[in-house]
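# Chains, contacts and geometry: an overview
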Amino acid sequence: MALNNAYPTFEESILPPNVYLLMTDRFSNLWPPRNETIAKALSFVYQNGDWGRYHGEQTDLLESKLTDYFSRTHVHLVCSGTLAIELALRGLGVRPGDEVVLAAYDFPGNFRCIEAIGARPVLADIVGASWSLSAESFEAALSPDTKAVIASSLHGGLADIEAICSIAARHGVKVVEDVCQVPGALVNHRRVGTFGDVAVLSFGGSKLLSAGRGGALLTNDESVWQRINVFKDRGNDTFPLSQLQAAVLNPQIDSLDDDNALRTLNARHLIELTSVIDGVDGLVFNSDQQPVFYKVAWRVPSGQQRAKLLELAQQYELPLFEGFRGFAKRSERRCGKPVPLNQSEYAAEATVLLHHPMLLAEKPVFEECCEQIVQLFHQMRAS
Ligand SMILES: *Cc1c(COP(=O)(O)O)cnc(C)c1O
């Protein structure tokens, strides 16, 4: 597949494993995916010139794959998940002064997107070991000014999106589903991202569907789509996703369900292995949910123990990190805090995350890492 003599062939471009060990972590050879279908997609758009065109076959194909996969009628391809959240709020008619509820443990950009519109973030709590917005807490945080809610599902945890949507409908509140971490997950056999008014995806460099950058939003509501279209269109598409990005995403959507199945199997195995360790909580599995894993998360007893664990993890070159810092400490000048946020505060202090590429490692490598992670948790508890 020589594109040009100056470039390595596909086989030559696969570095030997010892070279990867010098890179950021032991699994950087697994992400972004390097496989024949992605290499072919890149070669194809190089040969036919699509890489240098605004819109065309690749972006059209991505739009149709996404609308099929999520059973939605309308899609916008955009430059990031963060921007997609902001556009979703604009499309739903959120105005300056409106309130938007979000979890106090969430992706930092979601808070900023609400502020960017001049609306007011209002914090609700998460359900403990699901890292995702609590329906009950959301209901308690509603006020007559609430216009929308951002329901994020994080770290494999899935929000009770059916309850959230029915509460929202009763109060005339619009629902943005943030599916950036869980593309392909199911709740009651229905795909997450098909419940709310708008669903948002990210195609950032670490995400399960990755083009280095990019995002999308999906809706069945033509007026929402149209409002966003007017905002985006300034003679050109102001926040675009390129044909080159679309070309590498198309094959990843085709393999998403298979890749998710392997990641979920391995994540469940790992969470089960760690479930016997006193003081370490992993995700609680609900039988009506089929999670997918962008991160595997645990809560440990304290910030000090977490710091100890992460120090040990560095020695093993294991890709373990802190979770989000959350918003519970932000001042009431910046956000409404009408309900207790205990679970979000605990999650912000005590969450440890494992990045997903390890979940696609060869079996012996994966098992060795599982053993090391279990051992790290034991060492942390003994320290
Ligand atoms: C990554 C992420 C985003 C934002 O996506 P970008 O494409 O990085 O801007 C939003 N929400 C959640 C939950 C995310 O994990």
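Notes on the structure in this doc start here. Predicted model, so just to flag it, every value in this text is computed and none were measured. Chains are numbered independently. Their residues run from 1 in the order of the written sequence. Where local features are concerned, this predicted model is filtered to residues with pLDDT of at least 70; where side-chain atom pairs are given and counted, the filter is 80 or more; whole-chain, interface and lining totals use all residues. Side-chain measures were taken over the full set of non-hydrogen atoms in the model, leaving aside hydrogen atoms and water.

### Considerations on the packing of helix α3 (residues 36-48) against helix α10 (residues 243-274)
- Axis definition: a line fitted to C-alpha atoms, limited for helices to the stretch in contact. Angles are taken between N-to-C directions and run from 0 to 180 degrees. Runs of H or I in DSSP of at least four residues are treated as helices and runs of E of at least two as strands, each being numbered from the N terminus. Running from N to C, α3 and α10 point in directions that differ by 150 degrees, and their axes come no closer than 9 Å. If you check the angle between α3 and α10, you find them roughly antiparallel. For the pair α3 and α10, the sense of crossing is right-handed. Judged by residue contacts, T37, I38, A41, L42 and V45 of α3 engage L244, A247, V248, P251 and Q252 from α10.
- Just so you know the grouping, Ala, Val, Leu, Ile, Met, Phe, Trp, Tyr, Cys and Pro go in nonpolar, Asp, Glu, Lys and Arg go in charged, and all remaining residues, Gly too, go in polar. Residues belonging to the contact of α3 with α10 are distributed by class as follows: eight nonpolar, two polar and no charged. Here the word oblique covers every angle except those under 35 degrees (roughly parallel), over 145 (roughly antiparallel) and from 65 to 115 (roughly perpendicular). Each helix crossing is assigned a hand: it is left-handed if the near helix lies turned anticlockwise from the far helix by less than a right angle, otherwise right-handed if that turn is clockwise. In this description, contact between two residues means that some pair of their heavy atoms is separated by no more than 4.5 Å.

### Observations regarding the sheet that holds strand β9 (residues 190-191)
- Two strands are counted as paired when DSSP detects at least two bridges linking them. What the three strands build is an open sheet, ordered β9-β8-β13; its pairing is antiparallel. Two strands close off the open sheet at either side, each with one partner strand: β9 and β13 (289-290).
- Judged from the two bridges that link them, strand β8 (residues 186-187) and β9 form a sheet pairing that is antiparallel. Residue pairing across strands places L186 opposite R191, the latter belonging to β9.

### Points about helix α13 (residues 363-382)
- Helix length check: α13, at 20 residues, gives a terminal C-alpha distance of 29 Å against a target of 28 Å (1.5 Å per residue), a fit within 8%.
- For α13, the set of buried residues is F366, C369, C370, Q372, I373, V374, L376, F377 and M380. In this scheme, a helix's expected span is set at 1.5 Å multiplied by one less than its residue total. For every residue, the accessible area obtained with a 1.4 Å probe (protein chains only) is divided by the maximum for its type, and the residue is called buried under 20%, exposed over 50%, and partly exposed between those limits.

### With respect to the site of the ligand
- Near the ligand you find S80, G81, T82, F107, N110, L154, D178, C180, Q181, S202, K207 and G214, and these make up its full shell.
- Within the contact set of the ligand, an oxygen atom lies 2.8 Å away from a backbone nitrogen or oxygen of G81.
- In this structure, an oxygen atom belonging to the ligand sits 3.0 Å away from a side-chain N or O atom of K207.
- Exposure was quantified through the Shrake-Rupley algorithm and a 1.4 Å probe, taking into account, for residues, occlusion by the shown protein chains and nothing else. Within the complex, the protein chains bury 91% of what would otherwise be the 380 Å² of accessible surface of the ligand. Throughout this document, a residue counts as near a molecule or strand when at least one of its heavy atoms sits within 4 Å of that molecule or strand. In protein, a polar contact requires one atom able to donate a hydrogen and another able to accept it; more generally it is a pair of N or O atoms within 3.5 Å, and residues adjacent in sequence count only if both atoms are side-chain atoms.

### A word on the packing of aromatic side chains
- Working definition: rings of Phe, Tyr and Trp (its six-membered ring) pair if their centres are within 6.5 Å, and the pair is stacked with planes under 30 degrees apart, edge-to-face with planes over 60 apart, and tilted otherwise. One pass over the structure, following the stated rule, counts seven aromatic pairs.
- Ring geometry for F231 versus F239: centroids 6.2 Å apart, planes at 15 degrees, classification stacked.
- Classification of F231 by relative accessible area gives partly exposed; the value is 28%.
- Relative accessible area serves as the criterion here: at 13%, F239 is assigned to the buried category.
- A ring pair is formed by F285 and F293, whose centres lie 6.3 Å apart and whose planes are at 55 degrees; its orientation type is tilted.
- Take F285: its relative accessible area is 26%, and that puts it in the partly exposed class.
- Put simply, the rings of Y105, F107 and F324 touch in pairs and so form one group of aromatic residues.
- Placement of a charge over a ring requires the Lys NZ or Arg CZ to be within 6 Å of the ring centre, with the centre-to-atom vector within 35 degrees of the ring normal. Between the NZ or CZ atom of R190 and the centre of the ring of F195, over which it lies, the distance is 4.2 Å.
- We note R234 situated over the ring of F231; from NZ or CZ to the ring centre the distance is 4.9 Å.

### A closer look at the side chain of T274
- Considering the arrangement of structural elements, one finds T274 in helix α10.
- Its relative accessible area of 1% is what places T274 among the buried residues.
- One polar contact links the side chain of T274 to the main-chain carbonyl oxygen of I271, over a distance of 3.0 Å.
- Setting aside anything within four residues of it in sequence, one finds T274 in contact with V280, W298, V374 and F377.

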